[in-house]
Amino acid sequence: MEQEAKYRATQPIRPKQLEAVNIAPFSLSERVTAEIRDSILDTASRQLNQQRYTLRIRRIDQQLWLTLKLPGNVEGAVHQRQEFEHEITPNVRDHPELWPSEIREPLQAVIGDEPLVPMLTVRNRRRLWRIERDGEEIAELALDRGSLISGERSLPFHEIEIELKGVGTAADLAVLASIYTTALPLEPETRSKSQRGMLLLNHAEDQDQLKQAVESTPMESSSNLAEAGRSILAKHVLKLHKAWPIAVIGDDSEGVHQMRVATRRLRTILAILGETLYEPEIVAKLRRGLRQWASMLGAVRDADVFLGKLDEHRATLEKAEQAGYEPLIESISQQRDAARVELLGFLESRKASKFAQRLTDFVLTAGAGVREAETAEGRVERSLVRHWVGSTVWSHYERIRAYDVILNDAPVESLHRLRIEIKHLRYTLELFSDALAEEHESLLEQLVTAQDYLGDLQDAEVALGLVGEALADNPDNSALLAYQAAKQHEHDQLQLNAPKALRPLFDLPFRRRLASILSKL
């Protein structure tokens, strides 16, 4: 029975760092380095993956090792599963009927006569140490760094594994895990490399079709808007699928960020298409699904951003002052961890997979969701990009102009809503970007500047709420009181200066340039 603890490195770890950790009463042997290449096999219908089996052929130098891992249990970082491993020769590699019976027989019970095909490649530079106590082998420590590869797509990994060997016990594993997680930046890894690789493969399947869809109908003045819009949707669905494995595996917060951006863009583009040529009910259902995604992704992303900014602020302070921020950091970290658990549960759920497939199918199906044309005699339907851009862009600008009557004394809630309207106009211009004159880029810059300004105000508003919660439990914390005062001042100044910062969007020069760009279509 294989029993090991797996941990993901949240920061780069060098071999010497592992060797410098005091693990008494245990000790490390001399380091061994191996270049490993694994081929993960399954049937075309993925019978092994569905039944939680893993079949692997590993090459180390000139040696080949055949391994079958049976379904097991995972508790935190500790993985337990039965495995069978045998060294094989190259002439046996591609002939399952010649494999050892303890691998061949359980394999046939799962897949029958279905042929096996390579699914994934794992490239790994492994540094390996024996862990001993009083001269007896207790475990094996591995520092792994490499890539999971599916076709042209890859996903990096950087982790350590502690596998029981010899006379090692579960208690030994617990002690070793505690030592290393205390000394090094590690987080539990609940998925094997093959499971993460299959996740990459699952989200790669539609990507070739989505790439073709992105190129199928350019957003040009004379293009059909329904299908040009579908091509833009395909671009963001493609980004969603690319970021999904990264978000789930958690090595890089950019995965969550990119998924969130993609869901936001998709919701806005669908709303625009629902105002033009798409059936509103179909669009509404897709947008509701994406709203749930955006909410859960936002809970994780907002916490990540807040903690990042807080770290930057703390870095400017003396160490004694930095310690005062611990209650706030602990509170936000707990919220972030809880939000991430919820997000992972959702992204790995059948509900999420079914919705993602429905969204992908919608984007890849020409004509899907498009309203039926009116059949009145002599009627000509608006169908081209140039038939819709002017009214669509201008209507979004008019929603911004509605705020000019309250701009000088706008409450924070109204400024937050204004930021959303600015973002929608920005996304609308970006949607039609390829059909518009180049001058629209200067307008986009103004919109981004205004959106960022109001974003800073919203961030200050959120920060005040969070620090207020922390102060409720720590009312005499001088560091948090100083931070609250600084954020309040920042918030008040941003709100006070908002009319001056935003006024250019409401003035005649902006309107004239926008009208000039639209008139050239």
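Now for a description of the structure that goes with this document. These numbers come from a predicted model, not from an experiment. (Residues numbered from 1 in each chain as written. Predicted model: local features only at pLDDT ≥ 70, side-chain atom pairs only at ≥ 80, totals over all residues. Heavy atoms only, no water.)

The next thing to look at is the pairing of strand β9 (residues 117-133). Sheet topology places strand β2 (residues 27-28) next to β9; 2 bridges connect them, and they run antiparallel. What sits directly across from S27, in β9, is E132. Across 11 bridges, the pairing between strand β3 (residues 32-42) and β9 is antiparallel. In the strand pairing of β9, E35 is matched with R125. (Pairing = 2+ DSSP bridges. Helix = DSSP H or I, 4+ residues; strand = E, 2+ residues; numbered from the N terminus.)

Let us look at the layout of surface pockets. By volume, the second largest pocket is sized at about 1,400 Å³. In terms of lining residues, the second largest pocket is bounded by 45 residues, among which R260, R264, D302, R419 and D459 are the most central. Within the residue set of the lining of the second largest pocket, elements represented by two or more residues are α9 (254-276), α10 (280-314), α12 (326-347), α15 (412-431), α16 (440-473) and α17 (478-502). Here the element with the most residues in the lining of the second largest pocket is α10; it accounts for 13 residues. By residue class, the composition of the lining of the second largest pocket is 17 nonpolar, 10 polar and 18 charged. (1 Å grid on protein atoms, 1.4 Å probe; cavity = no way out; pocket = protein on both sides within 12 Å on 5 of 7 lines; lining within 4 Å. Points joined across faces, edges and corners; volume = space filled by probe spheres on them. Nonpolar A, V, L, I, M, F, W, Y, C, P; charged D, E, K, R; others polar.)

Now for the environment of Y483. Along the chain, Y483 turns up in helix α17. Not counting chain neighbours up to four residues away, the residues in contact with Y483 comprise F306, L310, H313, Y325, L328, A463 and V467. (Contact = heavy atoms within 4.5 Å.)

This next bit is on the nonpolar core. Judged by nonpolar contacts, the single largest core of 91 residues is most densely connected at L233, M259, W293, L418, F432 and L502. By residue number, the principal contributor to this core is helix α8 (residues 225-249), which donates 14 residues. Beyond its immediate sequence surroundings of up to four residues, W293 is in contact with L240, W244, M259, T263, F346, L347, A352, F355 and A356. The next biggest cluster of nonpolar side chains, apart from the first, holds 25 residues, and it includes W129, A139, L176 and L184. (Core = buried A, V, L, I, M, F, W, Y, C linked by side-chain atoms within 4.5 Å. Buried < 20%, exposed > 50% of the residue type's maximum accessible area, 1.4 Å probe, protein only.)

What follows covers the environment of I88. Relative to the helices and strands, I88 resides in strand β8 (residues 83-88). Linking I88 and D134, residues 46 residues apart in sequence, is a C-alpha distance of 34 Å. Beyond its immediate sequence surroundings of up to four residues, I88 is in contact with L64, L66 and R93.

Okay, the side chain of H491 next. Examined against the element boundaries, H491 turns out to sit in helix α17. Classification of H491 by relative accessible area gives buried; the value is 6%. Excluding anything up to four places from it in sequence, H491 contacts V412, L457, A460, E461 and L464.

This part is about unusual backbone geometry. Of note, the bond from A24 into P25 is cis; its omega dihedral lies within 30 degrees of zero at 10°. For P25, the location among the structural elements is in the loop between α1 (15-20) and β2. In this model, R52 sits at a positive phi of 65°, which is unusual for a non-glycine residue. By the element assignment, R52 lies in the loop between α2 (47-50) and β4 (54-60). Backbone geometry at D134 places phi at a positive 55°, although glycine is not the residue there. Position of D134 relative to the elements: it lies in the loop between β9 and β10 (136-150). Judged by relative accessible area, D134 falls into the exposed class, the value being 76%.

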